[in-house]
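Below are the chains, spelled out letter by letter.
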Amino acid sequence: MAFASKSPWVIHYDGSSCNGCDIEVLATLCPGFDGERFGVINTGNPKHADIFLVTGSVNEQNINVVREIYDQMLEPKVVVACGICACSGGVFHDCYNVIGGVDKAIPVDVYAPGCAVRPEQLIDAIVAGIAVLDQKSAALAAARKGA
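Residues numbered from 1 in each chain as written. Predicted model: local features only at pLDDT ≥ 70, side-chain atom pairs only at ≥ 80, totals over all residues. Heavy atoms only, no water.

Another point: the pattern of salt bridges. Evaluated as defined, the whole model comprises four salt bridges. Among the ionic pairs, glutamate 75 bridges to lysine 77, the shortest N-O distance being 3.8 Å. For lysine 77, a relative accessible area of 6% corresponds to the buried category. For lysine 136, the salt bridge is made with aspartate 109, and the minimal N-O distance between the two is 3.1 Å. Taken together, the residues lysine 136 in helix 4 (residues 119–146) and aspartate 109 in the loop between strand 6 (98–100) and strand 7 (110–112) connect sequence positions 27 residues apart. Assessed through its relative accessible area of 29%, aspartate 109 is described here as partly exposed. (Salt bridge = Lys/Arg side-chain N within 4 Å of Asp/Glu carboxyl O. Buried < 20%, exposed > 50% of the residue type's maximum accessible area, 1.4 Å probe, protein only. Helix = DSSP H or I, 4+ residues; strand = E, 2+ residues; numbered from the N terminus.)

Below, the structure written as structure tokens:
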């Protein structure tokens, strides 16, 4: 594990979901499933976050908010699409205002499908996100060293 990934902070955004995945995200970070054993801490400030957990689909109302939160995060950053709605639009993909999954607005590094996504699956996705964070951190360090 690199320095940046020893205690990754996550920010969670509900992008128009049914709240099933939101409840599972919070359950993942609570003592029952203990996501904090990986050093994961939930924050409300994008500037402090390393991993962006997004639930729900992207629509015309929230696409700019999703992009704004993503843009406010510092490099390196990882995006995890939590739940089938965040991955592809889910059961709402045919709705008039739904654009699709989170990848229609910002680049997604890890997909965690499910309806609702289980805490065990979220933990696996966060751990996979930590590995991606390590890779991005090493690439950023190499780019700084070479510049």
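Here five strands make up an open sheet; going across it, the order is 2-1-3-5-7 and the pairing parallel. Of all strands in the sheet, those with a lone pairing partner are strand 2 (41–42) and strand 7, marking the two edges. In the sheet, strand 1 (residues 9–14) pairs with strand 3 (residues 51–55) via five bridges, with the strands oriented parallel. Note on strand 3: the bridge partner recorded for isoleucine 11 is phenylalanine 52. Against the sheet, helix 2 (residues 63–72) contacts strand 1, strand 3 and strand 5 (78–82), and its axis sits at roughly 170° relative to strand 1. Relative to the sheet, helix 4 contacts strand 3, strand 5 and strand 7, its axis offset from that of strand 7 by approximately 180°. (Pairing = 2+ DSSP bridges. Contact = heavy atoms within 4.5 Å. Axes fitted to C-alpha atoms, helices over the stretch in contact; angles between N-to-C directions.)

Mapping asparagine 59 onto the fold places it in strand 4 (residues 58–59). At 2.9 Å, the side chain of asparagine 59 and the backbone nitrogen of glutamine 61 are in polar contact. Residues within four places of asparagine 59 in sequence aside, it is in contact with Ser16, Asn97, Val98 and Ile99. (Polar contact = N/O pair within 3.5 Å; in protein donor to acceptor, adjacent residues only side chain to side chain.)

Once that is clear, we can look at the UniProt feature "domain: NADH:ubiquinone oxidoreductase-like 20kDa subunit" (unreviewed entry) in the protein. The UniProt feature table records "domain: NADH:ubiquinone oxidoreductase-like 20kDa subunit" (unreviewed entry) at residues 18–128. Between the end C-alpha atoms of residues 18–128 there is a gap of 25 Å, over a span that is 32% helix and 18% strand. (UniProt positions renumbered as here; feature names shortened; annotations may be inferred.)

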